[in-house]
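Observations on the model geometry
Take a look at the letters that make up each chain.
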Number of protein chains: 2
Amino acid sequence: MTEHQERHLQSSDFLTDIVIGMSDGLTVPFALAAGLSAAVSSTGIIITAGIAEIAAGAIAMGLGGYLAGKTELDHYQAELRREYQEVETVPETEKKEVRDIFARLGLSEEIRQKAAEEMAQNKKLWVDFMMKYELGLDKPDPRRARNSALNIGLSYVVGGIVPLSPYFFTGTPLSGLKYSCIVTAICLLVFGYFKASVTGQSPWKGALRVLLIGGLAAAAAFFVARLFTQA
Amino acid sequence: MTEHQERHLQSSDFLTDIVIGMSDGLTVPFALAAGLSAAVSSTGIIITAGIAEIAAGAIAMGLGGYLAGKTELDHYQAELRREYQEVETVPETEKKEVRDIFARLGLSEEIRQKAAEEMAQNKKLWVDFMMKYELGLDKPDPRRARNSALNIGLSYVVGGIVPLSPYFFTGTPLSGLKYSCIVTAICLLVFGYFKASVTGQSPWKGALRVLLIGGLAAAAAFFVARLFTQA
């Protein structure tokens, strides 16, 4: 069992949040800075725009994640109340739903009947079963939304500072972009590798995927901005 | 049954993608434009930065979503192969896992035994059961990743044009910002309302939530950019 569980091991939620926030934080501010480097002559504007984007992105991701988590919790609780009501008011319909679920599992008529009768003896187990197997809803952790929002938001800020930092030290946008590409590419590879590892994927494939997204987004922003400036 | 199904009705994936892409596309370009309005004197820079951000964000969200979908599919298929291997090589362990799952449902020893024996008669049903109820994995739709990526990316572009459009017509960043706030607030409310409706939430609460996120992100970007420009 131990070996089996280990192979299916889920990553820690905390690490996942950090890696998600940081790799997104690396990508969009990097691409924005790249786009502006094609269009403006002052690094000051790039830094200001970058900082504004980091603030906006961190709030949108963090608060958005928090409210999504709250919504999921509200939804779960509303459905839970409804199921409790249904096992009270229409128990025969709910028993038929239990039998249907067991039928879909390919189990015999005998087991379907017995399982539905046994379920009906314990309302809490019955409702939990309907929540999970009829509606596909798992009980969300109420503290998860807040923690996750905070971790993702802060990681976005930390990630966003990386592609922006070279512009503090260089005189022209294009030399800033050069160093930004180097440090960001390294960080994207590291975080892609790490992200793939914690989610149980092939690490090098994951590293290249994250680098590809960041590189394409930055290249697109650069050429679109240049096109627009020359038009 | 019909009434019951209706109340638990899931939204169409297509609509969800459109609404997700569009409400995110409204939020971040809006906040970026607001931040830059506090810091620069030319609307041209805001337009260029906005377009660069829209290109970057659409690619990051779209391509990111596509690769996440691909990764999920790979992960599902790898676990599926592993489960088929396990029911061949360690059938007794897997039967015990079936019994454990039925035990957690609160069912009697008799049903646990019978269900495990019946499962073992049909490898496909058995593996499907383990995938869903041991590992909590649903079979992902292989075309879903590509469609979803395209829908979200394009909606992000459409959404992003909304907060940016007033800057094309106004002389100064601050008057652009005024009209941008008005049109974006209206669109955020409409999309928040719609998003909440398709996901089965309270529509007005959803509308206000989305407006709150957009407003806070824009306000934060505005004040951070102003602070940084004055420093």
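Residues numbered from 1 in each chain as written. Chains lettered and ligands numbered in written order. Predicted model: local features only at pLDDT ≥ 70, side-chain atom pairs only at ≥ 80, totals over all residues. Heavy atoms only, no water.

Moving on, we get to the overall build of chain A. A count of helical and extended segments in chain A gives 10 helices and 0 strands. For chain A, the N- to C-terminal ordering of α and β elements is α-α-α-α-α-α-α-α-α-α. Radius of gyration (C-alpha) of chain A: 25 Å, far over the 17 Å computed for a compact globule of 231 residues. Contacts in chain A between residues far apart in sequence, at least 24 positions, make up 72% of those at least 6 positions apart. Summed over its atoms, the accessible surface of chain A is roughly 11100 Å², and 63% of this surface lies on carbon and sulfur atoms. One finds the centroid of the 22 positive side-chain charges in chain A at a distance of 7 Å from the centroid of its 24 negative side-chain charges. (Helix = DSSP H or I, 4+ residues; strand = E, 2+ residues; numbered from the N terminus. Rg over C-alpha atoms; globule rule 2.2 N^0.38 Å. Contact = heavy atoms within 4.5 Å. Areas by Shrake-Rupley, 256 points an atom, 1.4 Å probe, with all protein chains shown as cover. Lys, Arg positive; Asp, Glu negative; His and termini not counted. Charge placed at Lys NZ, Arg CZ, Asp CG, Glu CD.)

What follows is about the environment of K114 of chain B. Here K114 of chain B shows up in helix α5 (residues 109–120). K114 of chain B sits in the partly exposed class, given a relative accessible area of 30%. The contact partners of K114 of chain B, leaving out residues within four places of it in the chain, are E110, I111 and K114 of chain A. (Buried < 20%, exposed > 50% of the residue type's maximum accessible area, 1.4 Å probe, protein only.)

Residues and elements named next belong to chain A. When the UniProt feature table is mapped to this numbering, "transmembrane region" (unreviewed entry) covers residues 14–39, 45–68, 149–170, 176–194 and 206–228. Annotated as residues 14–39, this span is 92% helix and 0% strand, and its ends, taken at the C-alpha atoms, are 38 Å apart. As a span, residues 206–228 carries 100% helix and 0% strand, and end to end its C-alpha atoms are 33 Å apart. (UniProt positions renumbered as here; feature names shortened; annotations may be inferred.)

What follows deals with the pattern of salt bridges. One pass over the full model with this rule turns up 20 salt bridges over all chains. Between D74 of chain B and R209 of chain A there is a salt bridge, with the nearest N and O atoms lying 3.6 Å from each other. Highlighted residues: D74 of chain B in helix α3 (residues 43–89) and R209 of chain A in helix α10 (residues 203–230), drawn from two different chains. Judged by relative accessible area, R209 of chain A falls into the buried class, the value being 18%. When the shortest N-O distance is used, the salt bridge between K114 of chain B and E110 of chain B registers 3.3 Å. With a gap of 4 residues between them, K114 of chain B and E110 of chain B both fall in helix α5, about one helical turn apart. The exposure class assigned to E110 of chain B is partly exposed, which follows from its relative accessible area of 37%. Several salt bridges share partner residues, and in doing so they unite E110 and K114 of chain A together with E110 and K114 of chain B into one network. (Salt bridge = Lys/Arg side-chain N within 4 Å of Asp/Glu carboxyl O.)

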